[in-house]
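Structural features, examined
Given next are the chains, with one letter for each unit.
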Amino acid sequence: MSLKEIVGQRFQAEFGADPASIVRAPGRVNLIGEHTDYNDGFVFPMAIERATFIALRPRADNKVVAISLDMDNRRAFALDDLQRPTETEWIDYLIGVAWSLQERGYDLRGWEGVVSGDVPIGSGLSSSAALELATARAFYEVSGFAWDAAAMALACQAAENEWLGVKCGIMDQMISAAGVADRALLIDCRSLETASAPLPPDTVVVILDTNTRRGLVDSAYNERREQCEAAARHFGVSALRDVAGETFARREQELAPLMRARARHVISENERTLRARDAMNAGDAVTLGQLMIASHISLRDDFAVSSPALDAIVACANAQDSCYGARMTGAGFGGCAVALVKADQVEQFVARVGACYQDATENESIITVTGASRGAETVFP
Ligand code: GLA
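Note that the structure is a prediction, hence the values are computed from the model and not measured.

The rules behind each value
Residues numbered from 1 in each chain as written. Predicted model: local features only at pLDDT ≥ 70, side-chain atom pairs only at ≥ 80, totals over all residues. Heavy atoms only, no water. Disulfide = S-S within 2.5 Å. Helix = DSSP H or I, 4+ residues; strand = E, 2+ residues; numbered from the N terminus. Buried < 20%, exposed > 50% of the residue type's maximum accessible area, 1.4 Å probe, protein only. Core = buried A, V, L, I, M, F, W, Y, C linked by side-chain atoms within 4.5 Å. Contact = heavy atoms within 4.5 Å. Pairing = 2+ DSSP bridges. Axes fitted to C-alpha atoms, helices over the stretch in contact; angles between N-to-C directions. Near = heavy atom within 4 Å. Polar contact = N/O pair within 3.5 Å; in protein donor to acceptor, adjacent residues only side chain to side chain. Areas by Shrake-Rupley, 256 points an atom, 1.4 Å probe, with all protein chains shown as cover.

1. Details of the state of the cysteines
Per the stated rule, a full pass over the model turns up 1 disulfide. Between the sulfur of C316 and that of C356 lies a disulfide, 2.1 Å long from S to S. Its torsion about the S-S bond being -80°, the disulfide of C316 and C356 is classed as left-handed. Taken together, the residues C316 in helix 10 (residues 308-318) and C356 in helix 11 (residues 346-361) connect sequence positions 40 residues apart. According to the relative accessible area criterion, C316 is buried, its value standing at 3%. Here C156 stays free of any disulfide, with the sulfur of C168 as its closest cysteine sulfur at 10.0 Å.

This is the structure we're talking about:
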């Protein structure tokens, strides 16, 4: 049974009627453009097939009543009495989105529904953004406001930043809101303009989950952000997006070594991401793969956000003739890598990388081939 059917049937069982609507919002994998979003730069993710679904119907009062199939519990809150989280649980994402939309002037109505998702939690595929955007879409269904993908992404990012206290950039929410089927999406994280591009012919995207999660990701992430902001201040600009490669080459010695390395990653990654767009539009898998390999090296050596497990799985992937290029994806320190692979050799690739990674780390990976899906949407009726 599909997730859509599962939430629909459970809704029936819980509420004794068919849902008025079923919405979904996807997780994401980023092909290139890492740690650039909070520098006002460019990212190139795609929405994946794994997603959060909500089956729902409006309520006459201003309450939200939601059942999580994954957490196996039921929670409720009133739209005029939103409680700040003490220990974050899944319902706080819904409350945060409600808070953020109301802060922005949206007039919200209550609803009741069933929530379930198959984006693995904590593996770097943005299960939080999927839950946030599915929630926004649920409110859209019952409240009757206009759907604007960028506005919804910003509202959900604010929920995460200001309600849940996680300082993420805009990438995850934006791709979950605005993903395009069968295409990756170049996002300008300053203007929020997007341009989609197809994957090169006869290639597939493979997600390589190292099955490792490292603590302290949040503090390391915030530290990187501060280092980038300090480097931007040094150059007298509001974000590293505004430092051209030539300017940096001329002036990099002015920066202390650590800050120089951090800035070098961001500035070169923005260039690689724009070149990746050109490669994708030209159907050039070889160049795209090389840019991904260079991105990993930069994230590992200059930005220092990789991990031994990520380096191991990327090395295993890049050793395969069937692989154009692989790199870590997402915030780093564990979680997933992404590879661009020849479609007709993908089964062999999956088997070989799994074995290679197990030999190298004595750990089991989770490897999945994924297509690109649409962003947040209503799938029923
Ligand atoms: C996390 C954040 C994103 C982005 C990436 C790194 O996924 O949520 O905003 O900064 O890390 O590219």
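Right, picking up where we left off after that structure.
2. Observations concerning the nonpolar core
The biggest cluster of nonpolar side chains holds 48 residues, and the ones touching the most others in it are I54, F77, L94, L101, W111 and F139. For this core, the element with the highest residue contribution is helix 2 (residues 90-103), accounting for 9 residues. F77 has contacts with N62, K63, V64, L82, I91, L94, I95 and A98, leaving out every residue within four places of it along the chain. Core analysis: the next-biggest nonpolar cluster, separate from the first, contains 40 residues, V243, A263, L299 and I313 among them.

3. Quick look at the sheet that holds strand 10 (residues 323-328)
Strand order across the open sheet formed by 4 strands is 10-11-9-12, with antiparallel pairing between neighbours. This sheet does not close on itself; its edge strands, each paired only once, are strand 10 and strand 12 (366-370). Averaged over all neighbouring strand pairs, the angle between strand axes comes to 20°, with direction disregarded. Sheet analysis places strand 9 (residues 203-209) next to strand 12, joined by 5 bridges and oriented antiparallel. Following the sheet pairing, D209 is matched in strand 12 by I366.

4. Structural notes on the site of the ligand
Every residue near the ligand is listed here: R28, E34, H35, D37, Y38, C168, G169, M171, D172, Y221, G330 and A331. H35 is positioned with one of its backbone polar atoms (N or O) 2.7 Å from an oxygen atom of the ligand. Within the side chain of Y221, one N or O atom sits 2.6 Å away from an oxygen atom of the ligand. Summarising the interface, the protein chains cover 93% of the accessible area of the ligand, which totals 310 Å² for the free molecule.

These figures capture arrangement, not role.
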